[in-house]
Amino acid sequence: MKTIMMKTKLALGVALCLSLNFAKAQLMAPALVSGQPIKNGNASGYGRLSVPFYNGHNMGFAAVKSKEAKDLFLQGTDGHGRGTYLYAYKALSPEGTPIFAEPIKITVPFEDKGDNRGLIVQDKTGKIYGVWAFGQSLRYAEFNKSNYSFSELKRINIKGQPRGYSNFGIVPLKDGRLQFLFSVGQDGVFSNGKDFPKMITYNAEGFWPYELRKMGIFGGIADGLETPTVNIKQLTELDQAIFTIDGFVKFTNAKDSYILSGTRLGNILFYKLDENAGTLSKRKHAVNQEGILLRNPGVHSSPAYFFDSEQNQGLITVGEGGLYYYKNTNKIDKNGNLVMSEPVHVLQQNPKVYGGSLVQPSVADWDGDGKLDIVAGNSMGFLFFYKNTGSNQHPIYGDPEPLVADGKVIHVQPGYREDIQGPGEARWGYTSPNVIDWDGDGLLDILTGDSRGKFMVYLNIGTKTAPKLDREHTLYLDGMDMYGTWRTRPGAAKLGGRMAYITLDKEDEFHLYWQLDKYNLEDGGKLKMGDKNIRGNRLGGGTVGRAKFEIVDWDGDGVKDLLVGTYGKQSIPDTLTGLPVNMKPKRGSTILFLKNVGTDVKPNYEFPKVLKFKGQNISLGGHEIGGCVAAIGPGNNPMNLVVGIETGVFMFYDRKDLSW
């Protein structure tokens, strides 16, 4: 007990020291730097860990900079943030949440194209190894922690699986051997097999016409990584989770060993492991204090297991939405489920302002204190509020609060039927907010588009300084739910004294609507470039939509133009010459400026131009990005730009550095 108390006091002391040191640095807010992400301004000096990718895997813990295995390796698999990153452990927060340092990027011993799932294994001698999937075999290499390099790859053959595996884990056993675990899917037909964009439809009864693939677990034991072949066998039925099992980690409680696995849909699987036989018990789950199955807030839940002490240990997951920590109570309920605390965000020193993946910002004075805040959506389907605790010239944004409507946290989830790409996309919400006084009562409301292709309004029924959102309410067009392509941020502004609403219609073309009242719109017709309609995309299917509209007089000529955040494969205004797909020298998600050469009441637009930062095209990954004009930064009335990108951070651009 004395040792535990000493460790707890030491952890709290380190956390307090970190807080004090960083608090001194925070006496001056983190400056906005043009062309760079906005930094987190928490007074503690730490905040939500901001991953450099929008999706990836936990590789596991090892003792690299720490004396114990508390330094975390993460693997980013997307193009924007692809790579392997080391996060050195620093301390526990006063609440007991792990805090890590800023990441160090590690070079792996092969050309990393994001296809080779990896993990870290540290043996009892302290040697650290990277292990990666190569087809149906594994490759491993020893890690040199003095120069962050790996030795040459060596091969491990896997035999016994009926077909390919999707994820794997390697956990050390008490006798020094290694337990290999693999997720293997059912055989079947899960789509029509068409090339992207897939021609995917629901049947006439509204059901997905293919099977939902379920996964099971195979495994086997080997003496060590140097073994040439691991023979595996089926350990569970192939019905443990839908779509994916995202990995495997081990923890012990008294004399017993257990396996935890994450899943694509967020449930956490729980098994007792027989270390002698290498077998697993029947599937159980991680649950909260009420016995309800825990579900990761974000999409996917690749696991790693953090251990500081018996009192401070738990599961860390990563997926779209960042890292979450589930403290382990080490209690098993009457149903055999593991009781864990509700997830909290893992922390990092000196992070960027972070909001999950594919953040979509809207800048406004949400709480009526005269300072411009950020309200943002993300791919998880939340709406987050970032309060400005500084000033408009020198804003300070810290960790966000989730917005609540009708007493419940807003969390848009398309589920089984409401996503164009099928049930496999059930957890992606893609909330895209636009904050504006929509009903003219002097209070800011929120208009949204999302993954459901729905266009909704959250009316503010509170006060200017204490906003309160009513439940989401449908916008109507001719008495029908307003409809259009998915994942768009609607543009809204007064044009000629009347509230206008712009989005992409069912033909994926720019379309103007006029407000009739707070819930109803009327058709204003297609937006034009000359006498031609303005198209959004050329590929169809799931590539449609995605544009983020901002109505603003960008060039200061007294007529409101359009800024449009784009998806890298969009083709605006036509299928042959459009941008950004034909952007030179390389396509990428960007902000397009469409100059209005008509009037506010009868707009007409020029061919779009790519916004440039210091003479170079803004190009920010492949997924859609969203930008909004923001009067933050130096000057009295600046018209700068804040852009949310796929990795979950907010880029700041000073207007003087932008051209087109």
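Since this is a predicted model, take the numbers as computed values, not measurements.

Remarks on the overall build of the protein chain
Stage number 1. Helix and strand counts for the protein chain come out as one helix and 60 strands.
Stage number 2. Against the compact-globule benchmark of 26 Å for 660 residues, the protein chain has a radius of gyration of 26 Å, which places it among compact chains.
Stage number 3. Seen through its C-alpha atoms, the protein chain measures out along the principal axes to roughly 75 × 60 × 50 Å.
Stage number 4. For the protein chain, with 660 residues in total, the buried portion stands at 58%.
Stage number 5. Pairs at least 24 apart in sequence give 56% of the contacts found in the protein chain among residues at least 6 apart.

Let's talk about the pattern of salt bridges
Stage number 1. Applying the stated rule across the entire model yields 21 salt bridges.
Stage number 2. With a closest N to O distance of 2.8 Å, Asp175 and Arg177 form a salt bridge.
Stage number 3. The closest approach of N and O atoms between Asp557 and Lys595, which form a salt bridge, is 2.8 Å. With Asp557 in the loop between strand 49 (548–552) and strand 50 (561–565) and Lys595 in the loop between strand 53 (591–594) and strand 54 (609–610), this residue pair connects regions lying 38 residues apart in the sequence.
Stage number 4. The class for Lys595 is partly exposed, based on a relative accessible area of 22%.

Things to note about the packing of aromatic side chains
Stage number 1. Applying the stated criterion across every chain, the model contains 32 aromatic pairs.
Stage number 2. Taking 6.0 Å as the distance between ring centres and 75° as the angle between the ring planes, the aromatic pair formed by Tyr89 and Phe100 counts as edge-to-face. One end of the pair, Tyr89, is in strand 6 (residues 89–92); the other, Phe100, is in strand 7 (residues 98–100), with eleven residues separating them in the sequence.
Stage number 3. Among the aromatic residues, ring-to-ring pairing joins Phe73, Phe110, Trp132, Phe134, Phe143, Tyr148 and Phe150 into one connected group.
Stage number 4. Sitting over the face of the ring of Phe384, Arg48 holds its NZ or CZ atom 5.2 Å from the ring centroid.
Stage number 5. Over the face of the ring belonging to Tyr567 we find Arg546, whose NZ or CZ atom lies 4.0 Å from the ring centre.

Thoughts on the pairing of strand 11 (residues 137–144)
Stage number 1. A large share of strand 11 lies buried, amounting to six of its eight residues.
Stage number 2. Here strand 10 (residues 128–134) pairs with strand 11 via seven bridges, running antiparallel. In the strand pairing of strand 11, Gly130 is matched with Ala141.
Stage number 3. Where strand 10 hands over to strand 11, the hairpin turn is made up of two residues, of which Gly135 adopts a positive phi near 60°.
Stage number 4. The pairing of strand 11 with strand 13 (residues 154–159) spans four bridges and is antiparallel. Across the sheet, Leu138 pairs through a bridge with Ile156, a residue of strand 13.
Stage number 5. Sheet analysis places strand 11 next to strand 12 (residues 149–150), joined by two bridges and oriented antiparallel. In the strand pairing of strand 12, Phe143 is matched with Phe150.
Stage number 6. Between strand 11 and strand 12, which pair antiparallel in sequence order, lie four residues; one of them, Tyr148, sits at a positive phi of approximately 55°.

What about the side chain of Ser261?
Stage number 1. Among the secondary structure elements, Ser261 is positioned in strand 21 (residues 256–261).
Stage number 2. Within the structure, the side chain of Ser261 is placed 3.1 Å from the backbone oxygen of Gly247, a separation counted as a polar contact.
Stage number 3. Those residues within four positions of Ser261 in sequence are excluded, and the remaining contacts are Ile245, Gly247, Phe248, Asn267, Ile268 and Leu269.

A few points about the confidence of the model for the protein chain
Stage number 1. Of the residues in the protein chain, 95% have a pLDDT of 70 or more, and the chain-wide mean is 94.
Stage number 2. Scored below 50 in pLDDT, residues 1–12 makes six contacts in the model with residues more than four places away or belonging to other chains.
Stage number 3. Every residue in residues 18–27 scores below 50 in pLDDT, and together they form 17 contacts with partners more than four places removed in sequence or on other chains.

A closer look at the nonpolar core
Stage number 1. By size, the foremost hydrophobic cluster in this structure holds 33 residues, and its most contacted members are Ile38, Leu260 and Phe650.
Stage number 2. The set of elements that each furnish at least two residues to this core consists of strand 20 (249–253), strand 21, strand 27 (322–332), strand 28 (338–340), strand 32 (373–377), strand 33 (383–386), strand 57 (626–630) and strand 59 (650–653).
Stage number 3. The contact partners of Ile38, leaving out residues within four places of it in the chain, are Leu32, Lys352, Val353, Ile374, Tyr397, Val642, Phe650 and Phe652.
Stage number 4. Of all hydrophobic cores here, the second largest spans 23 residues; its members include Ile502, Ile534, Phe549 and Leu594.

Topic: the pairing of strand 5 (residues 83–87)
Stage number 1. Counted residue by residue, strand 5 has five buried out of five residues, so it is predominantly covered.
Stage number 2. Residues Gly83, Tyr85 and Tyr87 of strand 5 are buried on one face, and the alternating residues Thr84 and Leu86, pointing to the opposite face, are buried as well.
Stage number 3. Bridging between strand 4 (residues 71–76) and strand 5 involves five bridges; their strand directions are antiparallel. When the bridges of strand 5 are listed, Phe73 appears paired with Leu86.
Stage number 4. In this antiparallel pair of consecutive strands, strand 4 and strand 5, the connection spans six residues.

Some remarks on the sheet that holds strand 2 (residues 46–48)
Stage number 1. Pairing within the open sheet is mixed, and its four strands lie in the order 2-30-7-6. The sheet is open, and its two borders are formed by strand 2 and strand 6, each paired with just one other strand. Between one strand axis and the next, the sheet turns by 35° as a mean value, whatever way the strands run.
Stage number 2. Where strand 6 and strand 7 come together, three bridges link them in antiparallel fashion. Looking at strand 7, one finds that Ala91 is bridged to Ile99.

With respect to the sheet that holds strand 60 (residues 658–659)
Stage number 1. In spatial order, the strands read 56-55-60; together these three strands make up an open sheet with antiparallel pairing. Edge strands, defined here as strands with exactly one partner in the open sheet, are strand 56 (616–617) and strand 60.
Stage number 2. Both strand 55 (residues 612–613) and strand 60 contribute to a ladder of two bridges, which runs antiparallel. Looking at strand 60, one finds that Phe613 is bridged to Leu658.

Quick look at the domain arrangement of the protein chain
Stage number 1. Domain annotation of the protein chain identifies domain 1 (31–43 + 352–474), domain 2 (51–349) and domain 3 (491–634).
Stage number 2. The C-alpha-based centres of domain 2 and domain 3 are spaced at 41 Å.
Stage number 3. Contacts between domain 2 and domain 3 engage four residues on the former and ten residues on the latter.
Stage number 4. Interface of domain 2 and domain 3: buried area, both sides summed, is about 440 Å²; carbon and sulfur atoms make up 73% of it.
Stage number 5. At the junction of domain 2 with domain 3, the criterion picks out zero salt bridges.
Stage number 6. Summed over the shared surface of domain 2 and domain 3, the number is one residue pair in polar contact (both at pLDDT 80 or more).
Stage number 7. A breakdown of the residues in the side of domain 2 that touches domain 3 according to their chemical character gives three nonpolar, one polar and no charged.

Conventions we followed
Sequence positions are assigned chain by chain, starting from 1 and proceeding in written order. Predicted model: local features are reported for residues with pLDDT of at least 70 only, side-chain atom pairs are reported and counted for 80 or more only, and whole-chain, interface and lining totals are derived from all residues. The basis for every side-chain value is the complete set of non-hydrogen atoms in the structure, without hydrogens or water. By definition, any uninterrupted DSSP run of H or I lasting at least four residues is a helix, any uninterrupted run of E lasting at least two residues is a strand, and each is numbered from the N terminus. Radius of gyration: C-alpha atoms only; globule rule: 2.2 Å multiplied by the number of residues to the exponent 0.38. Residue burial is assigned from relative accessible area. The probe radius is 1.4 Å, only protein chains are included, and a residue is buried under 20% of its type maximum, exposed over 50%, and partly exposed in between. In this analysis, two residues are considered to be in contact whenever any of their non-hydrogen atoms come within 4.5 Å of each other. Just to be clear on terms, a salt bridge is a Lys or Arg side-chain nitrogen sitting within 4 Å of an Asp or Glu carboxyl oxygen. The pairing test for Phe, Tyr and Trp rings, Trp by its six-membered ring, is centres within 6.5 Å, and the orientation test on the planes gives stacked under 30 degrees, edge-to-face over 60, and tilted for anything in between. Whether a charge sits over a ring comes down to the Lys NZ or Arg CZ being within 6 Å of the ring centre and within 35 degrees of the ring normal. For two strands to be treated as a pair, DSSP must find at least two bridges joining them. Within 3.5 Å is the distance limit for a polar contact, defined as a pair of N or O atoms, with the added protein rule that one can donate a hydrogen and the other accept it, and that residues adjacent in sequence qualify only through two side-chain atoms. Every residue is assigned a pLDDT by the predictor, reflecting its confidence on a scale from 0 to 100. Residues enter a nonpolar core if they are buried and are Ala, Val, Leu, Ile, Met, Phe, Trp, Tyr or Cys, with the set joined through side-chain atoms within 4.5 Å. Lines fitted to C-alpha atoms define the axes here, with helix axes fitted over just the stretch in contact, and angles between the N-to-C directions of these axes take values from 0 to 180 degrees. For the domain bounds, the source is a domain assignment made automatically or taken from a database. Accessible-area loss on putting two parts together, using a 1.4 Å probe and summing over both, is the definition of buried area adopted here. When residues are grouped by polarity, Ala, Val, Leu, Ile, Met, Phe, Trp, Tyr, Cys and Pro land in nonpolar, Asp, Glu, Lys and Arg in charged, and all others, Gly among them, in polar.

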